[in-house]
Structures are given as C-alpha cells and as structure tokens.
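Inside the fold
As a plain string of letters, each chain reads:
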Amino acid sequence: MNDEFSRSDIGLARRRAMSLAKESRYGDAADVLAEVAAPASHNLGVADPDVIGLRWQLANVLFDGQNHRRAAREFQQIADDLLRQAEPDHEQISHCKLQEATCHVHAGDPELALHIMRELLADDMSRFPEDDARLLELRRQIGELEVSVGAADKARATLTDLRDDLNRLYGPDHGATIRVSELLASLPPTEAVLSRPRGAAEDER
C-alpha cells in the first residue's frame, strides 16, 4: 500500500469537490476527485465501496460540467469493474449503464444510448420479473428515445407492447398507461394507413 495515501483522503477530496461544484467550478472539482481516484483504486481496489462512491461523484461532476463523453466513460468503467466482482451488484450496474446512456444522449449520440439501453433491458429481463417497475420504466425510456430519433416503427412496437402491459397491470386510467397512450397517439401514421384508399376506412364500418 502507498504510505502517502489513506482512506481519509477520499472523504477530504469528496468534500472539497462538493464545495467546488457548488461554485460551479466543475472542472476543478473533477480534478480533485480524479487525483485521488487513481491511488484509491490502486490501494483499496476499484470496487471498494468508498472508491465507488468517489468515482460515482466524479462521473456526476463531469456530467454536471457538461463533459458528457468523459462522464460516459467513467460510468462505463464503474459498471465494468463492478461486473468483474465475484458477486456483482446488478442493480448498481444497471444504474451505471443507464447513466452512461443518458450521457450519450446529452453528448448528441442517441443511437449509442439506445444500443446501451436495449442491451441493459435484455440483461435486466433475465434477472427481474417482466412486470418489475424498473423494466417498465426502462421500456418507456427506450420508446421515448426511439420517438425522439425518428424511429417511429420501432417506437410504435415498443410502446404498444408496453401500453398493453400497463393496461393489464394498472388499467387504462393509470397515469403511466395514459402517458404511453399519448406517446403512441403522437406518432405519425404507418405507411400502410397512409396508402389505404380514401374510402377504405368507411367501407370497414
């Protein structure tokens, strides 16, 4: 162990960084945290709870300072390090990956964010019941992001399945169901609907 490092350095750095961030000095706050993160990881291990807390604060400071790409890398590295542990905390890993995706959205790369979120959904669906609130929320976020990038067909499929599940679980008048139904209603009509003869809908009545 490095004699020049002690666990108390983590607390000192976190408090100093918090003060700097309150003054909107995000770059300086990130420097303070990063300077301690390396020796802390080396001496205590990358997945030590205090080290994770420090690194998580660093990623958040970078995000708040609009350094979204570097923040994304930090969140990704935390998730990777946690995943390599003997007993990974999958809920914490999922949170890291979702934060990473959020960073990519703010960095102007929603397609990469969608890729991460879809992979996260596949992983989480193997661990949680299909009606778990975390999965339902993630599916909604994916659908909303698909809407925002113009992937109307994918969004329609995502949100239709989600609406049906929410309707079954909570009923049509629940806020979550209404929100998804309104998103679906905002989507442009499908090509099949646009190409139908003008009198087709009337003939079906």
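Here, every reference points to the structure presented above.
Reading the values: the criteria
- Going along each chain's sequence as written, the residues are numbered from 1 onward.
- Side-chain atom pairs in this predicted model are given and counted only at pLDDT of 80 or more, local residue features only at pLDDT of at least 70, and totals for whole chains, interfaces and linings cover all residues.
- Derived side-chain values reflect all non-hydrogen atoms in the structure, with water molecules and hydrogen atoms excluded from consideration.
- We count a stretch as a helix when DSSP gives it H or I for four or more residues in a row; a strand needs E for two or more, and each element gets its number in order from the N terminus.
- Here a polar contact means two N or O atoms within 3.5 Å. Within protein one must be a hydrogen donor candidate and the other an acceptor candidate, and residues neighboring in sequence count only if both atoms are side-chain atoms.
- Any two of the Phe, Tyr and Trp rings considered here, Trp counted by its six-membered ring, make a pair once their centres fall within 6.5 Å; the pair's planes then place it as stacked at under 30 degrees, edge-to-face at over 60, or tilted in between.
- Exposed residues in this analysis have more than 50% of their type's maximum accessible area, buried residues have under 20%, and partly exposed residues fall in between, with area computed by a 1.4 Å probe over protein chains only.
- Throughout this description, the term charge over a ring refers to an Arg CZ or Lys NZ atom that lies within 6 Å of the ring centre and within 35 degrees of the ring normal.
- What a helix should span is 1.5 Å times the count of its residues minus one.
- The reported arc concerns the directions from the helix axis to the C-beta atoms and nothing else.
- In this analysis, two residues are considered to be in contact whenever any of their non-hydrogen atoms come within 4.5 Å of each other.
- The working definition used for a salt bridge is a side-chain nitrogen of Lys or Arg within 4 Å of a carboxyl oxygen of Asp or Glu.

Focus on the side chain of Asp48
Its location among the elements puts Asp48 in the loop between helix H2 (26-44) and helix H3 (49-64). At 2.9 Å, the side chain of Asp48 forms a polar contact with the backbone nitrogen of Asp50.

A short note on the packing of aromatic side chains
Applying the stated rule across the entire model yields one aromatic pair. Ring centres 5.0 Å apart and planes at 75° place the aromatic pair Trp56 and Phe75 in the edge-to-face group. In this pair, Trp56 is assigned in helix H3 and Phe75 in helix H4 (residues 68-83), connecting sequence segments 19 residues apart. Like Phe75, Trp56 is buried. Here Arg134 stacks its cationic end above the ring of Phe128, 3.9 Å away from the centre of that ring.

Notes on helix H9 (residues 175-186)
Between its first and last C-alpha atoms H9 spans 17 Å; for twelve residues at 1.5 Å apiece the expected length is 16 Å, and the two agree. All buried positions along H9 are accounted for by Thr177, Val180, Leu183 and Leu184. Axial view of H9: buried residues confined to an arc of 125°, hence all on one face. Pointing more than 90 degrees away from the buried face of H9 are the exposed residues Glu182, Ala185 and Ser186. For H9, the secondary structure elements touched by its buried residues are helix H7 (133-148) and helix H8 (152-170).

Examining the pattern of salt bridges
For the structure shown, the criterion picks out 18 salt bridges. Among the salt bridges present, the one from Asp153 reaches Arg156, with a minimum N-O distance of 3.3 Å. Here Asp153 and its partner Arg156 are both found in helix H8, three residues apart, which amounts to about one turn of the helix. Asp153 gets classed as exposed once you look at its relative accessible area, which sits at 57%. Ionic contacts of the salt-bridge type, sharing partners, join the residues Asp131, Arg139, Asp165 and Arg168 into one network.

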